[in-house]
Structure formats: structure tokens, C-alpha cells
Amino acid sequence: MTEHPSSEPMPRSYRHAGRGAVPALVGARARREADALHPRQSLRRWLWAWLLDPTNGRNVQRGFDRMVAWMIGANLVVAVLEFGRVLPETAAPWLHHFDLASLVVFTLEYALRLYTAPEDPQFAAARRPRLAFARNPYAVLDLVAILPSLLHAFMPIDLRALRVFRLLRTLKLFRFLVPAFAEFRHLNQGRSLRQKAHALVFASPYGGRLHGHFDFVIAGCVLLSVIAVILESVQWVEYRFHLELVALDIAVVSVFTLELCLRLYGCVEEPGFERPLVGRLRQARSPGMVIDVLAILPFFLEAFFHYVLDLRFLRIFRLLRLLKLTRYTDATRTLAKVIGREWPVMAAAAFIMLLLVVLTASLGYVFEHDAQPDKFENIPQSIYWAVITLASVGYGDITPVTPAGRAVTIVLALIGIGIFAIPAALLSSAFSDQLHKERDALRQELFDMLADGVLSEEEAEIVNREARRLHLSAEDVDVLMQEAKRAREMAADLSKLPLHIIAADPAHAIEHFKSLVCDIRKLGLMTDRAQFVDTARAAGRLTDEEWRAWVCICGDAGLPESPDAAAGAGRPFGGGAAAGPRPA
């Protein structure tokens, strides 16, 4: 077993949404410990810290777990396809290679976890850490997931039984689900059922990892549903797997309906939706809920009214379920803010485009109607030609033949190159400005959080959430942290702040005044006072008010009221008896 030094506490590391630590704490202590160990122990500790340690914000542990989870999901899909005999015989070599790759990944994961068990705090205190790991339920599931395939390499096993054993690999998901459920129960102890439903479907501090898993399931159902709708348009696929596609659609709609009910039930816990009836009506009118209703509405309309109307055309509207993914992309909300902010300019550009289309369509009708009455039959038909020409697409199905019509086409095509670039340039510039504003807001939040010099767990969670929303890496967060620290240090040093900022805060103004008084006293002690008086009298550089302030601050009560009087008296500055400081 490895020694775990306890004389120096380990630094805190805040998880940054799978992208690093906030703040990034990577000291030389871990490297010194690893260098002092036996080379075998050093390698083991390095593997644990780099690949499997969940508390290290700079390792690849979350990425490794995500890869294993995707591999488990892919194995589940392949097993279902094998049982349904969906895949052709020619796909057998590819399935064999995929199964071999999965076996290698899962075996490597189990071997690494077994090898680094002495470094895992859960098993490090045991007398035999690796034996304690092997008896762990998660380790047993990992072993069961790979053991049948390993045995198949040495002894013949019926392939049908092997396919059943492959389904056991899905049990590895319990490694992610069980801790998430335990965390969710711990976070929601003593809370009502409605509050738990809110924590599950809405982003909140009580959701934990289970909320992320729930969002992942919803996103997976959306993608599966869209793929099923696309495959349903292939005739032979719809004919052969009609029942399977219907069952999949029923399962997906059930999940979406459950999510919709949970959101309506728990939305009263959201700020602004507290009233039971009014809050739920307000939530039902929100864009996200409208999209959720549209995602399931075609299914129920077709199920209940198919005997009255032919509603099969509604199936294509199931593709609207893709809009549900906008709830999980913060870039969509940022784009909506940008469009709302730049809407007046974009509306002006759209008006100019509409004006150009109408004018050029009218001119095209006037110039080309007599030459091509079948193509330029009326102005609405000419609008199609104008839009295609203005967009610089030019399908070629309608082309002018008269010199005037061709001249209008040339002008319109040249204008279209610039007119369509205006909205694109506006959106890209406004989007960049919005991201800069939000990053500046995050920097200001960090500045406020560092007022006490400590970043608490709650504050780190806020930073994590904002960094994930802005798609910031760990390095970007480190830069913002350093900038906020420098700004906080400058704020503590009032001498480096502009005067108008100091004057805005009375407390800062008082401290700055005291600092200036102290500097004047130091100046009085360090300067030659006789020369100071002679210079002040000869050049007339000090007014009577400034002279009295100097005398008052430096604390010599025997000095005259002006520098001229001091020179006439023939006594140098500071020659009288010292007196205590007087208020100015």
C-alpha cells in the first residue's frame, strides 16, 4: 500500500463542468510526492490522477467516463439490431470488429481500475485494496460485462447465448446512475415531491448529476425519433420495420409527455411562476413549452382523429422535435438576445431587400412580359425571378432576353452580393459583442466574489455554470480569475485608482485623504525645511491657505502664518517648539 501523507492538506479543486478546475490549482506538491515514490508507485499514482481521479479538475476522467458511456449505448443499439435481425449478413465482420473494440475498451477500463485501486480513497484504507475493489458491486458488473467474451476466446460458446451476455454490458450504466440517484436523494432530503420534480427537469442546485442524465435521455430520444422519421420515408424500411418504428414512436412520445407533465407540475418552483394556476399558464405559453407540445401533438391528433380525417401528413411535423434541443444549447438563447437587440437594423435591411425585390420584379415584368409572356406572366411570378437573382442563386429556369431585362439582372445581382451580407455581418458582429459582454459580466462576478479573498463552493458552482454556458475552457477561466485578482488588488491600492472613482465612495475618499496627509508628513521630515521656506517665499509657489495647511499637517505651531513672515522673522521652517498635529 502507498503512503498517503497527511501533514499538508490537499488544495481544493472546483469542478468546472467537465472542462477543468475553478480555480486551476496545480502545484508542485503532487509531482514531488510522485518523484519520491518507487517508479511503479509513481506510475500508478500518475495513472490514477490523470485518468480516474474524479476530484482532479485537470485530468481526462470525465472524458474517459463519457467515452465508456457512449460505448455502452452503442453496444445496446447493436444488440437490439442483432436480436431484430435488422443488419444484413455482410455486416457480420463489422460487428465482430466493433465487439472486439468494445471488449478491449471495457477490459482496459477494468484493468486500470484494478491496478490503481490502492490510490482510490474508497479502497486505500483496506488491507488489500485490490481485493476490496474486486468485491465492489460496480467491479463485479464490469467483470460480468467482459467475462463471457473473454471465455469465448478459449472455449466454444453458443453465439445466441453470447448475444444475451452482451446485453449485460448495459449494467455498466449503474456506475453512473446509482451515484447520481444517491446524490439526488441527498440533495433533496426533506423536500416535497413537487420540489423534487422541479429539481429533476429544471436547472437548479438540487438537480445534481441526475438532472444532466435526464437531459441526456431527452436529447437521445429526440435524435432517435428524428432518425426514425427519416428512415420511415424509405419504403422498404417502413414495410419491414413498421411495428418497431411505431413502438419506438410510442416510447419516445411517452417520455416527452412525462417530461411535459413534470415541467408543468414543478414550474411553480421557478422564480416568476409561483402562483399555481397563473404560473402554469405562463409556463405553458413559454416558447419551450410550445415546442414540447408541438413535439407530441401530431402523435395524439393522428391517434384520436385518424378515423375522421387523413392526418398522415402530420407525421412530417415530428421533425419539429429537433427544436427541443434548443433548450440545451445556450448559444440559441444568446442568438435570440442578439436578434432582439439588433432587430431595428435588421428590419431596416429587410425593408430594403423587400423594396428591391418589388421594384426589380415590376421592372422585369415591364421589360420581359412582351418577349416572354409565359415566364413573366405577372408581377408575382416575376418576384420569384427577382428573389433568385437577388440571392445570387440563379437557377436558370427564368432568364431575361431583352437588353433592358438583362441590365436590370446585372444590377440586381451586384446589389444582392452586398445586400445579403448586411444581416450576416450584423449578426456576427452583434454575436461577438454579446459574448464579450457576458464574459465581462463573468469577470465582474469574479471580482465581487473575490472580495473576501476566498471562492466558496456556491460561488464556484456559479462560475462553473456560467463558464459552461459561455463555452469557456479551463484556461479561459484561469485568465478571467487572474484578471479579477489583479483588479481586486488594484482596488485595494487606492493610489492606483482614478480620482473620480475614489471620490464616488466616501470610505475610499477618507482613506485616500489619510494617505495623502501621511505622505505630506513624510515629505516634511525628509526635506530641508530652510530651503523649503526660502523657495516657497522667493517663487511665491504657496498661497496662504496652502502654507497654513502645511503648517497644520506637519505639526509645528510656532511657524508664522505665511512664508514671507517666516523669512522676515529669520527663523527656519520647523524652528519652534514641536506641537501635536492640529486639524486643518
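Residues numbered from 1 in each chain as written. Predicted model: local features only at pLDDT ≥ 70, side-chain atom pairs only at ≥ 80, totals over all residues. Heavy atoms only, no water.

Draft legend 1. Representation of the overall build of the protein in the model. From N to C terminus, the protein includes 27 helices and zero strands. Of all intrachain contacts in the protein linking residues separated by at least 6 positions in sequence, the fraction that spans at least 24 positions is 63%. When the accessible surface of the protein is totalled, it reaches about 35,100 Å², and 66% of it is carbon and sulfur. (Helix = DSSP H or I, 4+ residues; strand = E, 2+ residues; numbered from the N terminus. Contact = heavy atoms within 4.5 Å. Areas by Shrake-Rupley, 256 points an atom, 1.4 Å probe, with all protein chains shown as cover.)

Draft legend 2. Broad picture of the environment of Ile 417. For Ile 417, the position within the fold is in helix 19 (residues 403-419). For the pair Ile 417 and Leu 390, spaced 27 residues apart in sequence, the C-alpha to C-alpha distance is 7.7 Å.

Draft legend 3. The confidence of the model for the protein, seen in detail. Across the protein, the average pLDDT comes to 76, with 78% of residues at 70 or higher. Least confident of the elements in the protein is helix 1 (residues 29-36), whose mean pLDDT is 46; most confident is helix 10 (residues 193-201), at 91. Across residues 1-38, where pLDDT falls below 50, the model places 83 contacts with residues more than four positions away in sequence or in other chains. With pLDDT under 50 throughout, residues 567-584 is counted as low confidence; its partners more than four residues away or in other chains account for 33 contacts. (pLDDT = per-residue confidence, 0-100.)

Draft legend 4. Layout of a positive patch on the surface. A cluster of basic side chains, namely Arg 62, Arg 66, Arg 465 and Arg 468, defines a positive patch on the protein surface. The topology assignment puts Arg 468 in helix 21 (residues 457-469). Judged by its relative accessible area of 45%, Arg 468 is partly exposed. (Patch = residues over 30% accessible without salt bridge, like charges linked within 9 Å, V, L, I, M, F, W, Y side chains within 5 Å. Salt bridge = Lys/Arg side-chain N within 4 Å of Asp/Glu carboxyl O. Lys, Arg positive; Asp, Glu negative; His and termini not counted. Charge placed at Lys NZ, Arg CZ, Asp CG, Glu CD. Buried < 20%, exposed > 50% of the residue type's maximum accessible area, 1.4 Å probe, protein only.)

Draft legend 5. Broad picture of helix 10. Regarding helix 10, the residues found buried are Ala 197, His 198, Ala 199, Leu 200 and Val 201. Among the structural elements, helix 9 (174-187), helix 11 (208-232) and helix 13 (242-266) are those in contact with the buried residues of helix 10.

Draft legend 6. Structural detail: the environment of Leu 262. Within the secondary structure, Leu 262 sits in helix 13. Sequence separation between Leu 262 and His 198 is 64 residues; the distance between their C-alpha atoms is 7.4 Å. Setting aside residues up to four positions removed in sequence, Leu 262 forms contacts with Ala 197, Leu 200 and Val 201.

Draft legend 7. Fine view of helix 24 (residues 506-526). When the terminal C-alpha atoms of helix 24 are compared, their 30 Å separation across 21 residues agrees well with the 30 Å that a helix rising 1.5 Å per residue should span. Among the residues of helix 24, His 512, Val 517 and Gly 524 are the ones counted as buried. In an axial view of helix 24, the angular spread of the buried residues amounts to 140°, which keeps them on one side of the axis. Exposed residues pointing more than 90 degrees away from the buried face of helix 24 are listed as Lys 514, Leu 525 and Met 526. (Expected span 1.5 Å × (residues − 1). Arc of directions from axis to C-beta.)

Draft legend 8. Summary view of the pattern of salt bridges. Taken as a whole, this structure holds 11 salt bridges when the rule is applied. A salt bridge links Glu 119 to Arg 45, with the shortest nitrogen-to-oxygen separation between them at 3.4 Å. Taken together, the positions of Glu 119 in the loop between helix 4 (92-115) and helix 5 (121-124) and Arg 45 in helix 2 (residues 39-52) put the pair 74 residues apart, joining distant regions of the chain. One exposure class covers both Glu 119 and Arg 45, and it is buried. Here Glu 183 makes a salt bridge to Arg 209, at a shortest N to O gap of 3.0 Å.

Draft legend 9. Structural context of the environment of Ala 295. Counting through the fold element by element, Ala 295 comes out in helix 15 (residues 287-305). Put simply, Ala 295 and Lys 324 are 29 residues apart on the chain and 7.9 Å apart in space, counted from C-alpha to C-alpha. Excluding residues that lie within four positions of it along the chain, Ala 295 makes contacts with Arg 321 and Lys 324.

Draft legend 10. Examining the nonpolar core more closely. Leu 200, Val 201 and Phe 256 are the most contacted members of the largest nonpolar core, which totals 22 residues. Within the residue set of this core, elements represented by two or more residues are helix 9, helix 10, helix 11, helix 13 and helix 15. Here this core gets six residues from one element, more than from any other, and that element is helix 11. Discounting residues that sit within four places of it in the chain, Val 201 has contacts with His 211, Phe 214, Leu 262 and Arg 263. Core analysis: the next-biggest nonpolar cluster, separate from the first, contains 20 residues, Leu 51, Met 71, Leu 103 and Leu 112 among them. (Core = buried A, V, L, I, M, F, W, Y, C linked by side-chain atoms within 4.5 Å.)

Draft legend 11. Seen up close, the packing of aromatic side chains. By the definition in use, this model includes seven aromatic pairs. Centre to centre, the rings of Phe 299 and Phe 300 are 5.4 Å apart; their planes meet at 85°, and the pair counts as edge-to-face. With a centroid separation of 5.6 Å and 70° between ring planes, the pair formed by Phe 376 and Trp 385 is classed as edge-to-face. Taken individually, Phe 376 and Trp 385 each receive the classification buried, so the pair is uniform in this respect. Taken together, the aromatic side chains of Tyr 110, Phe 123 and Phe 133 make up a single cluster linked through ring pairs. If you follow Arg 191 out to its NZ or CZ, it ends over the ring of Tyr 206, 3.7 Å from the centre. The ring of Phe 202 is capped by Arg 263, whose NZ or CZ atom sits 5.2 Å from the centre of that ring. (Phe/Tyr/Trp six-rings, centres within 6.5 Å; stacked < 30°, edge-to-face > 60°. Lys NZ or Arg CZ within 6 Å of the ring centre and 35° of its normal.)

Draft legend 12. Expanded view of the packing of helix 19 against helix 20 (residues 421-449). Contact pair helix 19 / helix 20: the axes reach a minimum separation of 5 Å and the direction vectors enclose 5°. Relative to helix 20, helix 19 is oriented roughly parallel. Note on element contacts: helix 20 touches helix 19 through Ala 421, Ile 422 and Pro 423, opposite Ile 417, Gly 418 and Ile 419. Taken together, the residues of the contact of helix 19 with helix 20 break down into five nonpolar, one polar and no charged. (Axes fitted to C-alpha atoms, helices over the stretch in contact; angles between N-to-C directions. Parallel < 35°, antiparallel > 145°, perpendicular 65-115°, else oblique. Nonpolar A, V, L, I, M, F, W, Y, C, P; charged D, E, K, R; others polar.)

Draft legend 13. Region of the structure containing the packing of helix 9 against helix 11. The N-to-C vectors of helix 9 and helix 11 enclose an angle of 125°; their axes lie 6 Å apart at closest approach. Between helix 9 and helix 11, the angle falls in the class oblique. Residues Phe 176, Leu 177, Pro 179, Ala 180, Phe 181, Glu 183, Phe 184 and Leu 187 of helix 9 lie in contact with helix 11, whose contacting residues are Gly 208, Arg 209, Leu 210 and His 213. The residue inventory of the contact of helix 9 with helix 11, partitioned by class, reads eight nonpolar, two polar and two charged.

Draft legend 14. Quick look at the side chain of Asp 249. On the secondary structure map, Asp 249 appears in helix 13. Side-chain polar atoms of Asp 249 contact the side chain of Arg 321, separated by 3.0 Å. If near-sequence neighbours (up to four positions away) are discounted, Asp 249 is found in contact with Phe 299, Arg 318 and Arg 321. (Polar contact = N/O pair within 3.5 Å; in protein donor to acceptor, adjacent residues only side chain to side chain.)

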